[in-house]
Amino acid sequence: MLEGFNKAAKRRIYGLQEFFVLSGKAIGFAFSRPFYRSDLIQQMDAIGVQSIPIVLLTGFFTGMVLALQASVQLKTFGATMYIGRLVAASMIRELGPVLAGLMVAGRVGSGIAAQLGSMRVTEQIDALNTLGTDPIRKLVTPRVLAALIMMPVLTVINDFVGILGGSVISSAYVGIPTSLYWRTVFEQIASGGFIFKYLPNDFVHGLLKPFVFGGIIALVGCNFGLKTTGGTEGVGVATTRTVVTASILILVVDYFITQVLLAFLPT
Amino acid sequence: MTDKPEGRRPDDRRQANPDEHVPPGTPIRRGEDEMRVRAAIRDELEADAPTHTQEVRAVAKREAARKVIALQNVFLTFDQPILKDVTFDALGGETIVVAGESGTGKSTILKLLLRLLVPDKGQVFIDGEEITQLNFADALKVRQKMGMVFQGAALFDSMNVYENIAYPLREHTDLSEDEIMARVREKLEFVDLDPDRVLEQLPSDLSGGMRKRVGIARGMANNPQIMLYDEPTSGLDPLTTATITHLIIKLQRELGVTSVVVTHDIRSAFRMATKIAVLNERKISFFGTPEEMASSADKYLRDFLGGF
């Protein structure tokens, strides 16, 4: 039993080591030739542009439900005029990055794992190797860079659409003028403080997190995809593991980033 | 050169109707043309079989007995031993067939030659260079000397036939797009596929035999010195098997390529091999010419050959 535990622990540590080696290589290859620019653009389209519909939907409905819940709670204190502040703070700092991250982990992370896993089991990864191409440079680096670039863009869209959804509910359901709603949104952003004089702290929170989440999603997907064994069943396992691991990592890392940012960027 | 049988050659398919215009992307029909090609290949294989071995030996002699591939006392273990003290070599222009029961580590030998795996003990030489100590970047360079044909062809399914064959050329040469197109057409014609019909097709649109032929065309796109084949005829019907066997022989005869073929198919092995290596119990139990194998009194070899 002890031996079994030993083996399992070694396998985990070895797996972690492989993940970090893969991450290091993938990022290192971004700064050396050959660089697969067309693959990067293709991945930015697949990861970013094609994720816009689900991000629009989740952002809009999250903003609406936030405004709805806030209106009920704030009504008790006669403070419904602050709905805009609550929606903006929640969306920009937390819900925007995390929800976009979880949605992209489900859509893109699973897609990356399934695609690379299928390539592994049909020997296409071996074929790349034998044709003198490093599969990490060709397949992983463009995906990681695309995710690092596109996740903040998706999050900004998610934030904006969420605040817009809140505006629709607060004016149509609660009866707050749209101009007042948007003024409280800007007040909230300003009240969070600024870094480098003009950059609101809320934006630092809201853009650093998706950047990290993008890296997590792409690297976890590539790692499980490239390690796929066991035919088509293995592809299914890799896909599931990617979504579960990336989602958990997003939530855990979100906490630690928030802690660090709150310590270094006091409001 | 050997006397060729009178009659139609595989290339006659294009010569028969030179004015015929075929729109790109038109699916290939298994019609009269293809049947004639297959019949021609079958006739040629039957006529060439007895003289083939002598011819390959002549090619090998021209290559001045240079060892292009060599495995020396190679040991490999994963959870359990895979290969034990495996030694064999191939001179320039030779075709070595590695045969053996399933799960005896035949495909592992190809991965060792490509340095996708590194042996625990022993040495692997490619064109005189010891490759087991190479780093990843240098291993990629050595792999450019080799073309590999995978069991399932392993064509990139996001790319069409043209892009698949052009891939190694775009990666490792400075050829212009026109030169690449000319090379791709030349290779497709070599493997008896009509470029106008297949260039734009995706791997999923091709039959198993056509995928294998495109795999061979991709493997030879860079004009490698060495071709490696992993079960090139598995899962194919007898006539397509004959077509692929014919292509391997043609590649060796016309271009003097050194080949290592992993296969179960003893009939094809006897047709194409200069030497056969039989893997049994993780060791090479026999390494010699097809004639020596056929005349061997060894019980395992007799059982292995069965009724052949």
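In this text, all values refer to a predicted model and were calculated from it rather than measured experimentally.

**What about the overall build of chain A?**
Next, step 1: A count of helical and extended segments in chain A gives nine helices and two strands.
Next, step 2: Principal-axis analysis of the C-alpha atoms places the extent of chain A at approximately 65 × 50 × 35 Å.
Next, step 3: Buried residues in chain A amount to 43% of all 267 residues.
Next, step 4: Contacts in chain A between residues far apart in sequence, at least 24 positions, make up 85% of those at least 6 positions apart.

**Regarding helix α6 (residues 177-190) of chain B**
Residue and element names in this part refer to chain B.
Next, step 1: In this model α6 runs 20 Å from its N-terminal to its C-terminal C-alpha over 14 residues, within 8% of the 20 Å that 1.5 Å per residue would give.
Next, step 2: Three or more residues of α6 are buried, namely Val184, Lys187 and Leu188. Here the buried residues of α6 occupy an arc of 100° about the axis, which is enough to place them on one side. Facing away from the buried side of α6 by over 90 degrees, the exposed positions are Asp178, Glu179 and Ala182.
Next, step 3: Positive phi appears at Asp192, one or two residues downstream of α6, with a value of about 60°.

**Re the pairing of strand β1 (residues 67-77) of chain B**
All names here are of chain B.
Next, step 1: Bridge count for β1 against strand β2 (residues 81-91) is seven bridges, and the pairing is antiparallel. Each bridged residue has a counterpart across the sheet, and for Leu76 the counterpart in β2 is Leu83.
Next, step 2: Connecting β1 to the next strand, β2, in antiparallel fashion are three residues.
Next, step 3: By the bridge criterion, five bridges tie β1 to strand β4 (residues 121-126) in an arrangement that is antiparallel.

**With respect to the environment of Arg37 of chain A**
Next, step 1: With respect to the helices and strands, Arg37 of chain A occurs in helix α2 (residues 37-47).
Next, step 2: Taking the C-alpha atoms as reference, Arg37 of chain A lies 20 Å from Gln124 of chain A; in sequence the two are 87 residues apart.

**Description of the nonpolar core**
Next, step 1: In terms of nonpolar packing, the biggest core is built from 127 residues, with Ala147 and Ile217 of chain A together with Leu113 and Leu228 of chain B touching the most fellow members.
Next, step 2: Among all residues touching Ile217 of chain A, those that are not within four sequence positions of it are Val104, Ala105, Val108, Gly109, Ala147 and Ala246 of chain A.

**Observations concerning the sheet that holds strand β6 (residues 146-149) of chain B**
Sheet strands associate in pairs through backbone hydrogen bonding, adopting either a parallel or an antiparallel arrangement.
All names here are of chain B.
Next, step 1: Read from one edge to the other, the open sheet built from six strands follows the order β6-β7-β8-β3-β9-β10, with strand pairing classed as mixed. Strand pairing shows two members of the sheet lacking a second neighbour, β6 and β10 (283-288), which therefore form its edges. Sheet twist, expressed as the mean angle between neighbouring strand axes with direction ignored, is 15°.
Next, step 2: Looking at chain direction, strand β3 (residues 95-100) and strand β8 (residues 258-262) are connected through four bridges and run parallel. Directly across from Thr95, in β8, lies its bridge partner Ser259.
Next, step 3: On the sheet, helix α9 (residues 238-255) packs against β3, β7 (226-230) and β8 and is oriented at approximately 160° with respect to β8.

**Points about the pairing of β7 of chain B**
Put simply, side chains in a regular strand alternate between the two faces of the sheet.
Residues and elements named next belong to chain B.
Next, step 1: Most of β7 sits out of view: five of its five residues are buried.
Next, step 2: Pairing of β6 with β7, which is carried by four bridges, proceeds in the parallel orientation. Along β7, the bridge assignment pairs Val149 with Tyr229.
Next, step 3: Pairing between β7 and β8: five bridges, direction parallel. Bridging from a neighbouring strand, Leu228 pairs with Val260 of β8.
Next, step 4: The parallel pair β7 and β8 is bridged by α9, and the resulting crossover is right-handed.

**Some details on the confidence of the model for chain B**
Residue and element names in this part refer to chain B.
Next, step 1: On average, residues of chain B score 80 in pLDDT, and 78% of them are at 70 or above.
Next, step 2: Counting interchain partners and residues more than four positions distant, the pLDDT-below-50 stretch residues 1-30 has 28 contacts.
Next, step 3: Predicted complex metrics record ipTM = 0.79 and pTM = 0.81.

**A few points about the interface of chain B and chain A**
Next, step 1: Each partner contributes residues to the interface: chain B has 15 residues there, and chain A has eleven residues.
Next, step 2: Of all the elements in the fold, those that place two or more residues in the side of chain B that touches chain A are α4 (136-143), β6 and α5 (161-172) of chain B.
Next, step 3: No other element matches α5 of chain B, which puts four residues into the side of chain B that touches chain A.

**Things to note about unusual backbone geometry**
Next, step 1: With an omega of -5°, the peptide bond running from Arg33 of chain A to Pro34 of chain A counts as cis.
Next, step 2: Mapped onto the fold, Pro34 of chain A is located in the loop between α1 (2-28) and α2.
Next, step 3: Phi is positive for Glu123 of chain A, which is not a glycine, with a value near 65°.
Next, step 4: Within the secondary structure, Glu123 of chain A sits in the loop between α4 (83-121) and α5 (124-130).
Next, step 5: With 19 C-beta atoms packed within 10 Å, Glu123 of chain A lands in the partly exposed category.
Next, step 6: The phi angle at Asn73 of chain B is positive, at roughly 45°, despite the residue not being glycine.
Next, step 7: You can see Asn73 of chain B is positioned in strand β1.
Next, step 8: Asn73 of chain B sits in the exposed class, given 12 other C-beta atoms within 10 Å.

**Observations concerning the packing of helix α6 (residues 135-174) of chain A against helix α8 (residues 201-226) of chain A**
Residue and element names in this part refer to chain A.
Next, step 1: Between α6 and α8, the shortest axis-to-axis distance is 8 Å and the interhelical angle comes to 145°. For the pair α6 and α8, the crossing hand works out as right-handed. The segment α6 lies against α8, with Leu139, Val140, Arg143, Val144, Ala147, Leu148, Met150, Met151, Pro152, Thr155 and Asp159 engaging Gly206, Leu207, Pro210, Phe211, Phe213, Gly214, Gly215, Ile217, Ala218, Leu219 and Cys222.
Next, step 2: Tallied by class, the residues present in the contact of α6 with α8 amount to 16 nonpolar, four polar and two charged.

Procedures and definitions
- Numbers given to residues run from 1 along each chain, matching the order in which its sequence is written.
- Each chain gets a letter, beginning with A, and each ligand a number, beginning with 1, in the order they are written.
- Restriction of local features to residues with pLDDT of at least 70 applies here, the model being predicted, together with a cutoff of 80 or more for giving and counting side-chain atom pairs; totals for whole chains, interfaces and linings are based on all residues.
- Helix and strand definitions here come from DSSP, where helices need a minimum of 4 consecutive H or I residues and strands a minimum of 2 consecutive E residues; each element is numbered from the N-terminal end.
- Three exposure classes are used, all based on how many other C-beta atoms lie within 10 Å of a residue's own C-beta (placed from the backbone): buried at 20 or more, exposed at 12 or fewer, and partly exposed between those limits.
- We call two residues in contact whenever the C-beta atoms placed from their backbones are within 7 Å.
- A helix's residues, less one, multiplied by 1.5 Å, set its expected span.
- Directions pointing from the helix axis toward each C-beta atom define the arc.
- Two strands qualify as a pair provided that DSSP identifies no fewer than 2 bridges between them.
- Remark: nonpolar core denotes a set of buried Ala, Val, Leu, Ile, Met, Phe, Trp, Tyr and Cys residues whose joining runs through C-beta atoms within 7 Å.
- Comment: axis = line fitted to C-alpha atoms, over the contacting stretch for helices; angle = value between 0 and 180 degrees taken between N-to-C directions.
- Think of it like this: strands point away, you trace from the first strand over the helix to the second, and a clockwise trace means the crossover is right-handed.
- Within a predicted model, pLDDT stands for the predictor's per-residue confidence, ranging from 0 to 100.
- Should the near helix be turned anticlockwise from the far one by less than a right angle, the crossing is left-handed, and should it be turned clockwise, the crossing is right-handed.
- All amino acids are sorted into three groups, where Ala, Val, Leu, Ile, Met, Phe, Trp, Tyr, Cys and Pro are nonpolar, Asp, Glu, Lys and Arg are charged, and the leftover types, Gly among them, are polar.

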